[in-house]
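Report on the structure
Here is how the chains run, residue by residue.
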Amino acid sequence: MMTFKKKSDEDAKPVEQEIAELQRQFRMMENHKRKTSDDAQGHIRKQRATIEKLTRENRKMKAELKESRQSNGSQAEGRMSAETIQKLNKQRDVLLAKMDDETRREDSLEANLTETNQQIFSIRGDMAKNGGVTASLDNSKAVAKQIRILE
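Residues numbered from 1 in each chain as written. Predicted model: local features only at pLDDT ≥ 70, side-chain atom pairs only at ≥ 80, totals over all residues. Heavy atoms only, no water.

1. Quick word on the overall build of the protein
When helices and strands are tallied, the protein shows three helices and zero strands. Order of helices (α) and strands (β) in the protein, N terminus to C terminus: α-α-α. Per-residue burial for the protein yields a buried fraction of 18% across its 151 residues. Long-range pairs, those at least 24 residues apart, make up 96% of the contacts in the protein with a sequence separation of at least 6. In the form shown here, the protein has an accessible surface area of approximately 12000 Å², with 52% of it arising from carbon and sulfur atoms. (Helix = DSSP H or I, 4+ residues; strand = E, 2+ residues; numbered from the N terminus. Buried < 20%, exposed > 50% of the residue type's maximum accessible area, 1.4 Å probe, protein only. Contact = heavy atoms within 4.5 Å. Areas by Shrake-Rupley, 256 points an atom, 1.4 Å probe, with all protein chains shown as cover.)

2. Description of the confidence of the model for the protein
Chain-level pLDDT for the protein is 83 on average; 83% of the residues reach the 70-or-more range. Mean pLDDT across the elements of the protein ranges from a minimum in helix 3 (residues 135-150), with 82, to a maximum in helix 2 (residues 75-129), with 86. (pLDDT = per-residue confidence, 0-100.)

3. Concerning the nonpolar core
By size, the foremost hydrophobic cluster in this structure holds five residues: Leu22, Met29, Ile120, Ile123 and Met127. When residues of this core are assigned to their parent elements, the largest contribution, three residues, is made by helix 2. (Core = buried A, V, L, I, M, F, W, Y, C linked by side-chain atoms within 4.5 Å.)

4. Examining the environment of Glu64
Here Glu64 shows up in helix 1 (residues 2-70). Given a relative accessible area of 38%, Glu64 falls into the partly exposed group. Remark: the alpha-carbon pair of Glu64 and Ser81, spanning 17 residues in sequence, is separated by 8.3 Å.

5. Things to note about the pattern of salt bridges
Within the structure shown, the criterion is met by four salt bridges. A salt bridge links Glu21 to Arg24; the nearest nitrogen and oxygen atoms lie 2.5 Å apart. Taken together, the residues span about one helical turn, with Glu21 and Arg24 both in helix 1 at a distance of three residues. Owing to a relative accessible area of 32%, Glu21 belongs among the partly exposed residues under this scheme. Here Arg104 ties to Asp101 by a salt bridge, and the two come within 2.3 Å at their closest N and O atoms. Here the residue Arg104 and the residue Asp101 both occupy positions in helix 2, the gap between them amounting to three residues, near one helical turn. (Salt bridge = Lys/Arg side-chain N within 4 Å of Asp/Glu carboxyl O.)

6. Structural notes on the environment of Thr114
Here Thr114 lies in helix 2. Note: C-alpha distance between Thr114 and Lys33 (81 residues apart in sequence) is 8.9 Å.

7. Overview of the side chain of His43
With respect to the helices and strands, His43 occurs in helix 1. Accessibility expressed as a relative area gives 15% for His43, which makes it buried.

Now the structure itself:
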């Protein structure tokens, strides 16, 4: 009778260790998910700020263009305005390219976040298959019941 109980305790230890390992992995994945989400939100905020800045610059340039068209200024001023507009358009193009890169990076982070969520749900399913957190307690109760029956 004693060897049967001892063997059950030995079997319960690996299950408890596996549960502890799964719980540790789950916590690590949750922390990674939270960090990734925070990073993505930070990038989105930066992108929105850049978009607002570009919008303000665009409005300013349109106002300057409208003003230059209305005024009867010299051609030299017109050339200088055109050069300024070209320069600002180049800056805008560079910033738009950077924003596209950040958008792709955000998409990549979102995909990573989705994959992490799927892994978490998979681990939860594995934990449920193994009887969850109370598997060792249920096993020990069943063994105790069998001992009482046999006695």
